[in-house]
Amino acid sequence: MKRTIKIFNNVDKLSRFFAEQLLQGINNTPEGHYFSIALSGGSTPKSVFSYLALNFKDNIDWEKLLVFWSDERCVAPESDESNFRMAKESFLDQVPIPTINIFRIIGETDSFDEAARYSQVVRKHIPSRNNIPQFDFVMLGLGDDGHTASIFPGNLHLFNSEKIFEVVQHPQTRQKRITVTGNLINQALTVGFIVTGDSKATMVANVLEKQEDWEKLPASLVHPENGNLLWLLDDNAAAKLKYSTKHYEGK
Ligand code: 6PG
C-alpha cells in the first residue's frame, strides 16, 4: 500500500486535486471499460462535487464513469439526510452522466433486502479480485468519532465481514444506514479520504499519528493492501499534525 497525504490551504485547491485524480483515472481507462467510484456522504463532499461539476463538466468523459455509494442513510431520496440527494443536486444533475451509470442505494426500502440487492448490483458491475469487487476509487469521509462510511467505532467487526454491504445503526440517532464493509474498502485500487474543517483535526491526528486508542477507530483500519491510500486534507483538518506530510507518506 502507498499512502499519500496532501494538505491544501483551501477547499477549492483540494477539490481541483480530487477532480484531476478522477479525470486522470477516467482518461487512463481503456475503451470499452469503466472507471468506478463509490461516493462518500455527509456534508464535506458537497463543495468538492460542486467544484467538479462547475469546472470539469466539459473535460470528463462521463460515459466512462460508474457511480456507486460507500454508504447511505435509510431515508427517501428527497430527504435532507439522503447522500444520493446531496450528490445528485451538487453534481450528478449538473453533468452529462448517463442515468444508467448511476447506482443509488435505495434507502427507502427494507434495509436488509436493499443491502443484499445492492451487493448483487455491485458484484454485477464491478470486476472482482479474490471474490471481492475491486473499485477504482472508494471515497471516504471521517467522522468526529473516527467512523468512516457508516462503520462506527462499535462496528469494527465489519472489517472482517464476508458481506460487502451491511446494515448498521447510527450509535446516537439509531438511524439505519447501509454501509460498505472493510474488505471491499481495502480491495480498492485507490481509497481517498476527504477531510476538511478544524472539528476533524483531533481525529485526523489520532488516526495518522496512532494516538488515543487509534486501533479502535474504523478509519485506522482502512488499508488498501494492493492500492493507494490518499488523504486529502485542508489546513484546518491537518492543524494538529506534528510532522510534515513527508513523515506520513509511504507508511
Ligand atoms: C455519511 C458518511 C460519513 C461521513 C462522515 C463525515 O453518510 O455520513 O458517509 O462517513 O463521511 O460522517 O461527515 P461530514 O462530512 O458531514 O463531517
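Bear in mind the structure is a predicted one, so any value in this text is a computation, not a measurement.

Caption draft 1: Quick peek at the nonpolar core. By size, the foremost hydrophobic cluster in this structure holds 80 residues, and its most contacted members are Trp231 and Leu233. The biggest single contributor to this core is helix 1 (residues 11–27), with 7 residues. Setting aside residues no more than four positions away along its own chain, Trp231 makes contact with Arg3, Thr4, Ile5, Lys6, Leu142, Phe193, Val195, Val207 and Leu208.

Caption draft 2: Seen up close, the sheet that holds strand 3 (residues 65–69). In spatial order, the strands read 1-11-10-7-2-3; together these 6 strands make up an open sheet with parallel pairing. Of all strands in the sheet, those bounded by a partner on one side alone are strand 1 (2–8) and strand 3. For this sheet, the mean inter-axis angle between neighbouring strands, taken without regard to orientation, is 20°. Where strand 2 (residues 35–39) and strand 7 (residues 137–140) come together, 2 bridges link them in parallel fashion. Residue pairing across strands places Ala38 opposite Val138, the latter belonging to strand 7.

Caption draft 3: Spatial organisation of the environment of Arg129. Tracing the backbone shows Arg129 in strand 5 (residues 128–129). Ignoring anything within four residues of it in the chain, the contact list for Arg129 reads Gln134, Gln187 and Asn226.

Caption draft 4: Structural view of helix 3 (residues 83–90). Residues Asn83, Phe84, Met86, Ala87 and Ser90 constitute the buried set of helix 3. Taken around the axis of helix 3, the buried residues stretch over an arc of 165°, which confines them to a single face. The inward-facing, buried residues of helix 3 contact strand 2, helix 2 (45–56), strand 3 and strand 4 (71–73). Two to three positions downstream of the cap, the backbone nitrogen of Phe84 sits 3.2 Å from a side-chain oxygen, assigning the N-cap of helix 3 to Ser82.

Caption draft 5: Structural view of the packing of aromatic side chains. The final tally for this structure, using the stated rule, is 11 aromatic pairs. The interplanar angle of 80° and the centroid separation of 5.7 Å between the aromatic rings of Phe18 and Phe137 together place this pair among those described as edge-to-face. Taken together, the positions of Phe18 in helix 1 and Phe137 in strand 7 put the pair 119 residues apart, joining distant regions of the chain. Residue Phe18 shares its accessibility class with Phe137, and that shared class is buried. For the ring pair Phe49 and Phe91, a centre distance of 5.0 Å and an interplane angle of 40° mean the geometry is tilted. Taken as a pair, Phe49 in helix 2 and Phe91 in the loop between helix 3 and helix 4 (111–125) lie far apart in primary sequence, 42 residues in all. Note on accessibility: Phe49 and Phe91 belong to one class, buried.

About the criteria used
- Residues numbered from 1 in each chain as written.
- Predicted model: local features only at pLDDT ≥ 70, side-chain atom pairs only at ≥ 80, totals over all residues.
- Heavy atoms only, no water.
- Core = buried A, V, L, I, M, F, W, Y, C linked by side-chain atoms within 4.5 Å.
- Buried < 20%, exposed > 50% of the residue type's maximum accessible area, 1.4 Å probe, protein only.
- Helix = DSSP H or I, 4+ residues; strand = E, 2+ residues; numbered from the N terminus.
- Contact = heavy atoms within 4.5 Å.
- Pairing = 2+ DSSP bridges.
- Axes fitted to C-alpha atoms, helices over the stretch in contact; angles between N-to-C directions.
- Arc of directions from axis to C-beta.
- Polar contact = N/O pair within 3.5 Å; in protein donor to acceptor, adjacent residues only side chain to side chain.
- Phe/Tyr/Trp six-rings, centres within 6.5 Å; stacked < 30°, edge-to-face > 60°.

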